[in-house]
Amino acid sequence: MAKCVWLALAFSLLSLGWGQDACEMGVNCHLPDCTCASTKSPFSDLPPEFTPQFVVLSFDDAVTVTNYDFYLNLLNTYTNPNGCRATMTFFVSHLYNDYAKMNELHRLGSEIAVHSVTHKADVEHYWRPANYTVWRNEAVDMKEMLKMYGYIPEEDIKGFRAPFLEVGGNDMYQALYDNGFSYDCSWPALQYTNWFGDEPLGALFPYTLDYPSPQDCTVGKCPDRLFPGMWVAPMLDLKDNRGEACAMLDACQGNNTDCADQSCEDNVFNFLKRNFEYNYKGNRAPFGVFTHHSWFVLDEINESTAHTNGYLRFLQYINSLPEVYIVSMDRVLEWMKNPVPSMDLGSHPAFTCPTFDPETNCPDPVTCEYREGLPDPGLKEVLMTMCRRPCPTNFPWLGNIEGK
């Protein structure tokens, strides 16, 4: 009996990562399936310019008629050093999502990832206590609707971001792990940045959960079990103009960032440039600029151009630098699996591009109109544009993605 108890305890500790040997690349962790959590570039024994500097632009929530032109302009304006179009990652939620416009962003090379179906605003009573079933339903139902209504190939839907960055611990990671997701990008990192503290520990590169994570947990519940081959794409905290940490651009604050004159635009540009250079002049860990399009809508409310112009000036600045690639998160992770020095990156399979953009697989979208059976009693009408015909009888939602 005692022997059984000790065996059960030992198994439990191992499942939590306790008692494991330290992760060591090339010894007990091997590419492309395993990467140790590290602040060192794969080319740390060579000059910094051998490591490409990745910049990941991501946007959360639905793709709509309001934000689509802004996104399209970014894709058509910036090119990478190898001549290929810049790409971005969209973490998509369902309500108001225009699946046809989302499909077009994917056709042009950007990544479509999952942000949940409902994106409920009730963090305390919904996301924080969410169990395995809730996370599975939210992630899998949204994935299925991206495929069903947006014609996004299943193999291209790899990533997830938790609403409000409310990381769901072991239950959330298990649900993603069991259902074909290969990475999560919900987990902010403060201690592991190139700016935090008197002697910064350095910024984390993406890593897999084959071994216990050293990453600090600042929001939600972080996993303490092992999920071999599952990637964590750390959300490296930015340092805002107050000196405070912020994982999402629209959470960053500071003096005079929302006013209308030129100094406000300068504040936004200098803030982004300063944070970027912590990495570019440091260990060159991937640099994320994660936000919601609503941050740019504030310009209209404040009769300003500070956010938009400061952001665009920053993109023009980084687009002029050598070894800087503006790419989606899935491409960064493909490089982590097969790292090559910056001078060889242009021919890496994940970074090449076709001579001509592929033909659309959504040539004849339809807009469906719903006035009844909507998920919120305050909603009077919802339009849903999709690639698939005919329109579902009822508005598709969590637990009823076909709208039966």
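None of the values given here were measured: they were computed from a predicted structure.

## What about the state of the cysteines?
Then step 1. Overall, the coordinates contain seven disulfides when judged by the stated rule.
Then step 2. Residue cysteine 368 pairs covalently with cysteine 391 via a disulfide, S to S 2.0 Å. In this structure, the disulfide formed by cysteine 368 and cysteine 391 twists by about -90° around the S-S bond and is classed as left-handed. You can see cysteine 368 sitting in strand E14 (residues 366-370) and its partner cysteine 391 sitting in the segment after strand E15 (382-386), a full 23 residues away along the chain.
Then step 3. On the accessibility criterion, cysteine 368 (3% relative accessible area) is buried.
Then step 4. Of all cysteine sulfurs, the one in cysteine 222 lies closest to cysteine 185, which takes part in no disulfide; the gap is 13 Å.
Then step 5. Among the residues examined, cysteine 185 registers a relative accessible area of 1% and is labelled buried.

## Notes on the packing of aromatic side chains
Then step 1. A complete count under the given rule lists 31 aromatic pairs for this structure.
Then step 2. Between phenylalanine 70 and tyrosine 71 the ring centres are 6.2 Å apart and the planes differ by 65°, which places this aromatic pair in the edge-to-face class. For the pair phenylalanine 70 and tyrosine 71, a shared accessibility class is recorded, and that class is buried.
Then step 3. Each ring, one from tryptophan 135 and one from phenylalanine 160, has its centre 6.2 Å from the other, and the planes form 85°; the classification is edge-to-face.

## Side note on the pattern of salt bridges
Then step 1. Scanning the entire structure with this criterion turns up 19 salt bridges.
Then step 2. A salt bridge links arginine 161 to aspartate 60, with the shortest nitrogen-to-oxygen separation between them at 2.9 Å. With arginine 161 in the loop between strand E4 (159-160) and helix H6 (169-178) and aspartate 60 in strand E1 (residues 53-60), the pair connects residues that are 101 residues apart, well separated along the chain. One exposure class covers both arginine 161 and aspartate 60, and it is buried.
Then step 3. With its nearest N and O atoms 3.0 Å apart, the salt bridge here joins glutamate 144 to lysine 147. Residue glutamate 144 and its partner lysine 147 are both found in helix H5 (residues 132-150); the two are separated by three residues, about one turn of the helix.

## Some remarks on unusual backbone geometry
Then step 1. Residue proline 32 follows leucine 31 across a cis peptide bond; omega there is 5°.
Then step 2. Checked against the element boundaries, proline 32 lands in the loop between helix H1 (2-15) and E1.
Then step 3. Proline 390 follows arginine 389 through a cis peptide bond whose omega is -5°.
Then step 4. You can see proline 390 is positioned in the segment after E15.
Then step 5. Its identity as a non-glycine residue notwithstanding, serine 116 has a phi of 115°, on the positive side.
Then step 6. Checked against the element boundaries, serine 116 lands in strand E3 (residues 111-116).
Then step 7. Notably, glutamate 303 is not glycine yet its phi reads approximately 50°, a positive angle.
Then step 8. Looking at where glutamate 303 falls in the secondary structure, it is placed in the loop between helix H8 (294-301) and helix H9 (306-319).
Then step 9. Using a relative accessible area of 71% as the deciding quantity, one classes glutamate 303 as exposed.

## What to know about the pairing of E15
Then step 1. Of all the five residues making up E15, four are buried; the element is thus mostly covered by neighbouring parts of the structure.
Then step 2. Examined bridge by bridge, E14 and E15 share five bridges and lie antiparallel to one another. Its bridge partner being in E15, tyrosine 370 is matched across the sheet by valine 382.

What counts as what
Residues numbered from 1 in each chain as written. Predicted model: local features only at pLDDT ≥ 70, side-chain atom pairs only at ≥ 80, totals over all residues. Heavy atoms only, no water. Disulfide = S-S within 2.5 Å. Helix = DSSP H or I, 4+ residues; strand = E, 2+ residues; numbered from the N terminus. Buried < 20%, exposed > 50% of the residue type's maximum accessible area, 1.4 Å probe, protein only. Phe/Tyr/Trp six-rings, centres within 6.5 Å; stacked < 30°, edge-to-face > 60°. Salt bridge = Lys/Arg side-chain N within 4 Å of Asp/Glu carboxyl O. Pairing = 2+ DSSP bridges.

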